[in-house]
Structures are given as structure tokens and as C-alpha cells.
Amino acid sequence: YNEYKSYLRCRAWIMFRVQVPDPDLPELERNHNFNFDLAVIGGGSGGLACAKEAVKFGAKVVVYDFVHPSPQNTTWGLGGTCLNVGCIPKKLMHSASIYGEVIEDAKRYGWATENKKHDWATLVENVQAHIKSQNWKLKIDLREKNVQYYNEYATFVDKNTIKSVNRRGQERTVTADKFVLAMGGRPNYPNIPGARDYAITSDDVFSLKYPPGKTLCVGASYISLECAGFLTGLGYDTTVMVRSILLRGFDRDCAEAVGRYMEDTGTRFLRPATVKNIECVKQPTDTTAPELKVFYELDGKEECEIFNTVLFAIGRTPLTDKINPEAIGLKYEKNGKVPVNDREQTNVPHVYAIGDIIDAPELTPLAIQVGRLLARRLYAGSSLLMDYVNVPTTVFTPLEYGSVGMSEATAIKKFGEDDIEVWHARHTPTEHTVRESPDLDKHNYVKLICVRSQKDKVVGFHYLGPNAGEITGGFAMGLIMGATKSDFDRLVGIHPTSSEVFTTLKITKRSGESIDVESC
């Protein structure tokens, strides 16, 4: 609270500032009499980026954002999934888990680190304080940039009209020339007894009032594995329940290596398994988790076990059907995804869709870039389209996994097995060579997937190890520029680092030779 007061005092004058369009740009020509040039439904990363970019070119913009509480009554502020219940709190809690590992490793470096103990309440308090400060800054930013913001639930009335309702039930109607749909999605619950009554999702875990205790994470998605990873790292007895394969859509070698590392570091896996029913044995308090009896099927056998927390991460559904799309004839798939062309345009010509509601990687930086490019095309005469190929991503599991481009299976399907060359190696980060459990580094792995007929052009980059986001983000530029294996060979690596391994790859997968990297 004191941080917010200080922030307000220091920047009170901001409330009276507005962004003036660039005087060097031609004045925006209007051929309509609507209230706004652009209405954005959804105040997440993509929607806000699009809105703030559009006003630079003179557009009059309104943004709607409204969060319905989760089944466990969790809600949050402006900024969408990423800031409130996604990337940001996830990375912070992942970092908290990594710090626990560092404390253990520090002993081998001569540091006295006794009484290692983690306090869940302190972590949640500080994570939520950061998020709330960013919620406020986003509101200030919209005010500065002269973007009208309504914390209201918006639905279509007709092709150019929106009706919105605030938390007090007050209604507002506005009209706009164009619309951008950026509502994002919410986590799925299975249709089983007790799921919505007693289980949580990623909507809830980052603000959970009590320590989660013994936790069951249901799902093989990156969300499930990331949550299970940091909970194990924080000292909680954690189990992952998987129906089939881990990290569907990612490279198989790397996905399974992530799972093996998690098992070796204390996370239990149940596979193949599915939850059948959840019963509450003991209700939670403000400081203690409940006791939940979970009935599940494991490899064809009925099982039962007590957990304190059950977290479902079994996919997400776009909120497309919540905006009355029928009023404008908007087409969307059964899974909620909205079909768009290469300009993010829906079947309704003046309505566009971006972010998690379209069939594209569900990544915050991608949504931001798509939103900005769309605004420039609509109001600045740009013709630049989004390139959805070679978009880097990182899974922040205990063994971090970064990738750009194709998995090995995808590359083989596209180019044929004979035309694919896979260069790979295991590696041990120098900082891990004196750790107490060096055997864990057997899972650290790198892989380049190349097309032989295209001068060994690199079409897939995969890295398992520490600092995966930084390493992958740097090398992604090479794939965008069409780098080949020889380009990686010509690059002089920084010694001694994990990224250096990509510059010294000598072993192909087809050779069957050992992939253990020699020391310098």
C-alpha cells in the first residue's frame, strides 16, 4: 500500500497528461460517426498493445476488460492472464524454487546455509504486491496515452454496437468503427464430481492463502509441469497425473527428458491415469489447506488417495462465446478458436482477433507483436504481417526447456527422414560441476535440426538446461535469418557457458555416437 501511495504522489501529475498523436503523421481520416474508431475487448497483453499502438496514429480507442471470478472466487485486475495468473507469477515462483536449489549448491561453494526453510505466505504476499503495482501502472499508462478504459463486461448488440455492464450492474452502450477481440481464455475443469467445488487451477494457485501442502497436478501441459516443478522445489509433496504424453506438440526427446528430471528431483508421476471423483474430507481455513479424497484410475485400476490441493491444468478455452458473437455473425470453432486470415481478420470484415483466441502459439510476446502490427496496418498504412514461424518459447520447468522452430517429428514429417540431420549433445554447466548431485546434469541436452538439401538450414533449435529463456531468445534471431549449421560452427562461443555447446556440435543422431561433451 505504501508503495502505491508513494507512486501516486510522485506521479500525480500524470493523471492530467494525454498522449498527442505524432504531428508528423497525417491526420486520421474518418468516414464514420461512431463513438470510437477502435474498440478492443480484452485488457491482456495483446489487446493493450494494440490499443496503445493505435492511439499513436490518432485513433480514438476504448478498451474493455472484466474478470469473472474463478470457481474458487479468485479474481484480478487489468493486464490479462500473463501478468495476473500466468507468465509473471509463474516465473517468480519458479525463481523462488531455483533459489532453493542455489542454497543447496552454495554449500559446495563454501557458504554456510543452515535452516533452509520456505514461507509460502511471504512469497504470495510479495508476488501479489508486484502484480497489483503493475495493474495500477497499466491504468496510468492507458490514461497517459488517452485510451478510454472500462472495467466492464462487454457484449455485442449489433455489428457496430457494444453493451457493457460493470460490477454494480450499470450498463453503457457505445459504438465503434472497428473491433479487436482479445479476450483470451480460462482454464478447463473436467466434468467430474467435486472438480469445480474443491479443485483449483492456475487462476488460483498464485494467490493461494494457505500453503498448498500435498498437491496433485492433473495434466501434462507446460502449465501443469511448471506448477508441479516449483511446488516440488518449494518443498511440497507433489504428484503429476498424466493421461498420455508430456508436453504434446514439443520435441519428444526434450519433453521426456523434462519428465525424467522432475522424477529424479522428487516429483512423482502417475501415468496413464485419470481423476474420477473428488471428495472433501476436511475444509480449509485461512492458514491450512483442505483434505481431499481423490478417486482415480491408474493403468486400469481404481485407486484412492488423500491430497491437500488438486490443481487442474488440462487446457484452456477461449471466451469467444461470452461476447454474444451471434449478434454479428462471427464464426468460431467448437473449441472457441476464431478463424482469421493472415491479417488477423475474422469473417466479419471490420472485426479482428488476436492472442489466445486464434489458432496460434499462446505466447504473450507474440500477442503483443501481433497487436502492434495490426494497429499499424489499420491506422498507419503499414502492410507488414506477423510471421508465426520461428517464434521462441521456454517452458520453465525445473529443467528449463527452450525451443525455436520445429520438433524433430514435425521436421521429419515435412522434409522426410532422409533429408533431416539432427546434431545433438549432452552438457554440464560449469557452475554445476561442484554441485552435490552432478548426475542430474545427464538430462541437460541440446539439439539442432537441419535440412540437408537446404545447405543444412537450421529449422529446429532445442535446449534443456539453466537460463533457457535467455539462451533461446538470443539464438532465435539466427533461425529467423535462415542460419545454417555452418553459421553455428563459425560462431565463436563464450567460454565457459551452456550456449557455447551450440557452436561445437560434432555428433549426429544417425551416427549413434556418444553425445557427452568433452571438457576443454
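Residues numbered from 1 in each chain as written. Predicted model: local features only at pLDDT ≥ 70, side-chain atom pairs only at ≥ 80, totals over all residues. Heavy atoms only, no water.

Below, the discussion takes up the overall build of the protein. Assigned secondary structure in the protein consists of 13 helices and 21 strands. Computed over C-alpha atoms, the radius of gyration of the protein comes to 25 Å, within 12% of the 24 Å expected from 2.2 N^0.38 for 520 residues, which places it in the range of a compact globule. Each of the three principal axes of the protein carries a C-alpha extent, and together these read 70 × 65 × 50 Å. Relative to its 520 residues, the protein shows a buried fraction of 50%. When contacts within the protein are restricted to residue pairs at least 6 apart in sequence, those whose partners lie at least 24 apart make up 65%. Within the structure as shown, the protein displays about 25400 Å² of accessible surface, and the carbon and sulfur contribution to it stands at 51%. (Helix = DSSP H or I, 4+ residues; strand = E, 2+ residues; numbered from the N terminus. Rg over C-alpha atoms; globule rule 2.2 N^0.38 Å. Buried < 20%, exposed > 50% of the residue type's maximum accessible area, 1.4 Å probe, protein only. Contact = heavy atoms within 4.5 Å. Areas by Shrake-Rupley, 256 points an atom, 1.4 Å probe, with all protein chains shown as cover.)

Counted according to the given criterion, the structure contains 12 aromatic pairs. Summarising the aromatic geometry, the rings of Tyr64 and Tyr150 are spaced 5.7 Å apart at their centres and angled 45° between planes, so their arrangement reads as tilted. With Tyr64 in strand β2 (residues 61-64) and Tyr150 in strand β3 (residues 148-150), the pair connects residues that are 86 residues apart, well separated along the chain. Relative to Tyr153, the ring of Phe66 has its centre 6.0 Å away and its plane inclined at 45°; by these criteria the two rings are tilted. Here Phe66 is found in the loop between β2 and α3 (80-85), whereas its partner Tyr153 is found in strand β4 (residues 153-158), with 87 residues between them in sequence. Of the aromatic side chains, those joined through ring pairs into one cluster are Phe461, Tyr463, Phe475, Phe488 and Phe502. The cationic tip of Lys60 hangs over the ring face of Phe36; the distance from NZ or CZ to the ring centre is 5.3 Å. Here the basic side chain of Lys214 rests over the ring of Phe307, its NZ or CZ set 4.9 Å away from the ring centre. (Phe/Tyr/Trp six-rings, centres within 6.5 Å; stacked < 30°, edge-to-face > 60°. Lys NZ or Arg CZ within 6 Å of the ring centre and 35° of its normal.)

Now for the environment of Ile357. Structurally, the position occupied by Ile357 is in the loop between β16 (351-353) and α10 (364-379). Overall, Ile357 belongs to the buried group, its relative accessible area being 0%. When the C-alpha positions of Ile357 and Thr430 are compared, they lie 42 Å apart, and in sequence the two are 73 residues distant. Not counting residues within four places of it along the chain, the set of residues in contact with Ile357 comprises Leu181, Ala182, Met183, Gly184, Pro318, Thr320, Gly336, Lys337 and Val338.

Attention now goes to the side chain of Asn166. Residue position: Asn166 is located in the loop between β5 (161-165) and β6 (171-181). Residue class for Asn166 comes out buried when judged on its relative accessible area of 13%. When neighbours within four sequence positions are excluded, Asn166 is seen to be in contact with Phe66, Asn151 and Glu152.

Bringing the nonpolar core into the picture now. Trp120, Leu225 and Leu464 are the most contacted members of the largest nonpolar core, which totals 48 residues. Only α3, α4 (87-108), α5 (120-144), α8 (222-233) and α9 (252-264) provide two or more residues apiece to this core. Leaving out residues up to four positions away in the same chain, Leu225 has contacts with Ala220, Val240, Leu246, Leu247, Val258, Met262, Phe269 and Thr397. Leu28, Val40, Val61 and Leu142 belong to the second-largest nonpolar core, a separate cluster that totals 30 residues. (Core = buried A, V, L, I, M, F, W, Y, C linked by side-chain atoms within 4.5 Å.)

With that out of the way, let us pick up the pattern of salt bridges. Counted under the stated rule, the structure contains 29 salt bridges. Lys447 is paired through a salt bridge with Asp253; the nearest N and O atoms lie 2.8 Å apart. Linking Lys447 in strand β20 (residues 445-451) with Asp253 in helix α9, this pair joins segments that are 194 residues apart in sequence. Judged by relative accessible area, Lys447 falls into the buried class, the value being 0%. In this structure, the salt-bridge partner of Arg268 is Glu305, at a minimum N-O distance of 2.8 Å. (Salt bridge = Lys/Arg side-chain N within 4 Å of Asp/Glu carboxyl O.)

Okay, the environment of Asn160 next. The residue Asn160 is located in the loop between β4 and β5 in this model. Along the sequence, Asn160 and Glu114 sit 46 residues apart, while their C-alpha atoms lie 64 Å from each other. When sequence neighbours within four positions are dropped, the list of residues in contact with Asn160 reads Phe34, Val174, Thr175, Ala176, Asp177, Phe179 and His350. Engagement of the side chain of Asn160 in a polar contact is seen with the backbone oxygen of Ala176, the distance being 2.8 Å. (Polar contact = N/O pair within 3.5 Å; in protein donor to acceptor, adjacent residues only side chain to side chain.)

Quick look at the confidence of the model for the protein now. Per-residue pLDDT for the protein has a mean of 94; in total, 94% of the residues score no lower than 70. Overall, residues 6-20 carries pLDDT values under 50, and its contacts beyond four positions in sequence, including any with other chains, amount to 20 contacts. (pLDDT = per-residue confidence, 0-100.)

Let's shift gears to the environment of Leu92. Along the polypeptide, Leu92 turns up in helix α4. Leu92 sits 35 residues away from Val127 along the chain, and the two C-alpha atoms are 7.0 Å apart. Leu92 has contacts with Val127 and His130, leaving out every residue within four places of it along the chain.

What follows covers the sheet that holds strand β14 (residues 309-312). Ordered in space as β10-β9-β8-β14, the 4 strands form an open sheet in which the pairing is parallel. Of all strands in the sheet, those bounded by a partner on one side alone are β10 (268-270) and β14. Sheet twist, expressed as the mean angle between neighbouring strand axes with direction ignored, is 20°. The pairing of strand β8 (residues 215-218) with β14 spans 4 bridges and is classified as parallel. Bridging from a neighbouring strand, Thr215 pairs with Thr309 of β14. (Pairing = 2+ DSSP bridges. Axes fitted to C-alpha atoms, helices over the stretch in contact; angles between N-to-C directions.)

Glancing now at the sheet that holds strand β13 (residues 301-307). Strand order across the open sheet formed by 3 strands is β11-β12-β13, with antiparallel pairing between neighbours. The two strands at the open ends of the sheet, each matched to only one other strand, are β11 (273-282) and β13. Within this sheet the neighbouring strands show an average axis-to-axis angle of 20°, counted without direction. Inspection of the sheet shows β11 paired to strand β12 (residues 291-298) by 8 bridges, in the antiparallel sense.

A few words on a nonpolar patch on the surface. Taken together, the side chains of Tyr109, Trp111 and Val434 define a hydrophobic patch exposed on the protein surface, amounting to about 360 Å² of accessible area. Counting through the fold element by element, Val434 comes out in the loop between β19 (420-426) and β20. Since its relative accessible area comes to 33%, Val434 is described here as partly exposed. (Patch = residues over 30% accessible without salt bridge, like charges linked within 9 Å, V, L, I, M, F, W, Y side chains within 5 Å.)

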